[in-house]
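Take a look at the letters that make up each chain.
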Amino acid sequence: MNFYQTALEGIPKLLDCCDGRVMDYFQKKNYTDSFQRMYQEHLATFDAVEKGYEEAKDKEQFLTDMADALSAYAAEQLEECKRKNKKEQLQMDLNLTMAVFVLPMVLEFHGECSKPFSEEIIASWKRRFPKSNLNAAPYTSIEEGFHKTWCYITTAVCRTFGKPDDCYELTLLRDYRDTYLAESPGGEELISTYYDVAPSIVKHIDQQPDSAKIYRDIWDEWLSPCISMIESDQKEECREHYIDMVHTLQARYFRQ
């Protein structure tokens with residue numbers, strides 16, 4: 001069997017796993033089942049990559065060929081988009097598909113080449129799309145992230161104040177996320193979008209020399225009022241205030 005050709009033909013199809021509906025699948029209620037289904041559907045491709053890697057005389061070149069096939073297919077899809085706004089949206093969808101499905105599936109195989117292959121995919125993607133900043137996270141850490149999202153920034157603030165992970169403020173906001181926000185119209189999509197930008201916001205705030213002051217200002221301007229709103233059963237007002245915080249911090253600190 002020609003494992004090289006089988007893998008080369010299967011790899012680009014990984015990007016079609018979401019059928020253009022990545023945000024539908026990347027939700028707390030759908031992610032686990034969607035990921036496992038997609039992984040099983042593409043298991044033969046991962047097996048071919050692993051066996052092709054084992055047989056390859058030049059293993060590094062083999063992985064480069066596979067990774068380039070993936071990024072080239074993405075570039076072809078983008079080239080077909082003539083309208084700028086549609087192209088930008090497709091780029092975002094492709095990046096998200098890579099981050100939460102393709103790369104985690106590569107790592108989930110746990111083969112000899114899984115880790116170096118994920119690294120080569122990221123390198124190829126970066127060469128093709130210089131503004132991208134993909135990272136390879138395993139499925140388990142992403143799935144666990146659904147239990148922590150909406151609290152990245154609050155966690156960073158509380159950490160600065162020396163508060164534990166189970167402090168009153170974090171517990172209140174997590175309960176708000178799970179019992180109100182996730183069940184409200186557009187709530188799951190809002191949480192997913194926040195999950196995508198919040199880690200980068202926190203990372204770049206942490207790099208600022210006055211990060212402690214920035215977190216104090218975030219507490220005073222947004223988090224403390226949000227907590228008061230939740231306590232007063234002003235849940236929709238809290239939602240709008242928190243969205244304003246994320247948008248403001250995204251403009252200041254988010255980097256692709």
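Our subject is the structure that appears above.
This one's a predicted model, so the numbers in the text were calculated from it and none came from an experiment.

## Describing the side chain of Ser71
Thinking step 1. Positionally, Ser71 belongs in helix α5 (residues 59-79).
Thinking step 2. Residues contacting Ser71, with those up to four places away along its chain left out, are Ser124, Trp125, Arg128 and Phe129.

## Things to note about the nonpolar core
Thinking step 1. With 44 residues, the main nonpolar core has Met98, Phe101, Met105 and Phe117 as its most contacted residues.
Thinking step 2. Elements supplying a minimum of two residues to this core: α1 (3-10), α2 (22-25), α3 (31-41), α4 (43-55), α5, α6 (84-108), α7 (114-128) and α8 (139-145).
Thinking step 3. Here Phe101 is in contact with Cys17, Cys18, Val22, Tyr25, Phe26, Tyr31, Ser34, Phe35, Met38 and Leu96, once residues within four sequence places are set aside.
Thinking step 4. Of all hydrophobic cores here, the second largest spans 34 residues; its members include Tyr215, Ile218, Leu223 and Val246.

## Structural notes on the side chain of Ser118
Thinking step 1. Among the structural elements, Ser118 can be located in helix α7.
Thinking step 2. The buried category is assigned to Ser118, whose relative accessible area is 3%.
Thinking step 3. For Ser118, the side chain forms a polar contact with the main-chain oxygen of Lys115, separated by 2.7 Å.

## Structural notes on α4
Thinking step 1. Between its terminal C-alpha atoms α4 stretches 18 Å, which fits the 18 Å expected from 13 residues at 1.5 Å a residue.
Thinking step 2. Along α4, the residues classified as buried are Thr45, Phe46, Ala48, Val49, Glu50, Gly52 and Tyr53.
Thinking step 3. Against the buried residues of α4 lie α1, α3, α5, α6 and α7.

## A short note on the pattern of salt bridges
Thinking step 1. Enumeration according to the criterion identifies ten salt bridges in this entry.
Thinking step 2. As a salt-bridge pair, Glu119 and Lys115 come within 2.5 Å of each other at their nearest N and O atoms. Within this pair, Glu119 and its partner Lys115 are both found in helix α7, separated by four residues, close to a single helical turn.
Thinking step 3. We classify Glu119 as partly exposed; its relative accessible area is 43%.
Thinking step 4. As a salt-bridge pair, Lys213 and Asp217 come within 2.9 Å of each other at their nearest N and O atoms. Separated by four residues within a single helix, Lys213 and Asp217 lie in helix α12 (residues 211-231), roughly one turn from each other.
Thinking step 5. A residue is classified by how much of its surface remains accessible, and Asp217, at 32% relative accessible area, is partly exposed.

## Describing the packing of α12 against helix α13 (residues 235-253)
Thinking step 1. Packing of α12 against α13 brings their axes to within 7 Å, and their N-to-C directions diverge by 165°. Considered as vectors, α12 and α13 are oriented roughly antiparallel to each other. As α12 packs across α13, the resulting crossing turns out to be left-handed. Here Ile214, Ile218, Glu221, Trp222, Leu223, Pro225, Cys226, Met229 and Ile230 of α12 lie close against α13, whose contacting residues are Lys235, Glu237, Cys238, His241, Tyr242, Asp244, Met245, Thr248, Leu249, Arg252 and Tyr253.
Thinking step 2. In the contact of α12 with α13, the residues fall into 13 nonpolar, two polar and five charged.

## A word on α13
Thinking step 1. Compared with an ideal rise of 1.5 Å per residue, which puts 19 residues at 27 Å, α13 spans 26 Å between its outermost C-alpha atoms and is within 8% of the ideal.
Thinking step 2. Considered for burial, the residues of α13 that qualify are Cys238, Arg239, Tyr242, Ile243, Met245, Val246, Leu249 and Tyr253. Within α13, the buried residues cover an arc of 160° as seen down the axis, which keeps them to one side. Facing away from the buried surface of α13 by more than 90 degrees, the exposed residues are His247 and Ala251.
Thinking step 3. Of the surrounding secondary structure, the elements contacted by the buried residues of α13 are α9 (152-160), α10 (168-179), α11 (187-206) and α12.

Cut-off values and rules
- Residues numbered from 1 in each chain as written.
- Predicted model: local features only at pLDDT ≥ 70, side-chain atom pairs only at ≥ 80, totals over all residues.
- Heavy atoms only, no water.
- Helix = DSSP H or I, 4+ residues; strand = E, 2+ residues; numbered from the N terminus.
- Contact = heavy atoms within 4.5 Å.
- Core = buried A, V, L, I, M, F, W, Y, C linked by side-chain atoms within 4.5 Å.
- Buried < 20%, exposed > 50% of the residue type's maximum accessible area, 1.4 Å probe, protein only.
- Polar contact = N/O pair within 3.5 Å; in protein donor to acceptor, adjacent residues only side chain to side chain.
- Expected span 1.5 Å × (residues − 1).
- Salt bridge = Lys/Arg side-chain N within 4 Å of Asp/Glu carboxyl O.
- Axes fitted to C-alpha atoms, helices over the stretch in contact; angles between N-to-C directions.
- Parallel < 35°, antiparallel > 145°, perpendicular 65-115°, else oblique.
- Left-handed = near helix turned anticlockwise from the far one by under 90°.
- Nonpolar A, V, L, I, M, F, W, Y, C, P; charged D, E, K, R; others polar.
- Arc of directions from axis to C-beta.

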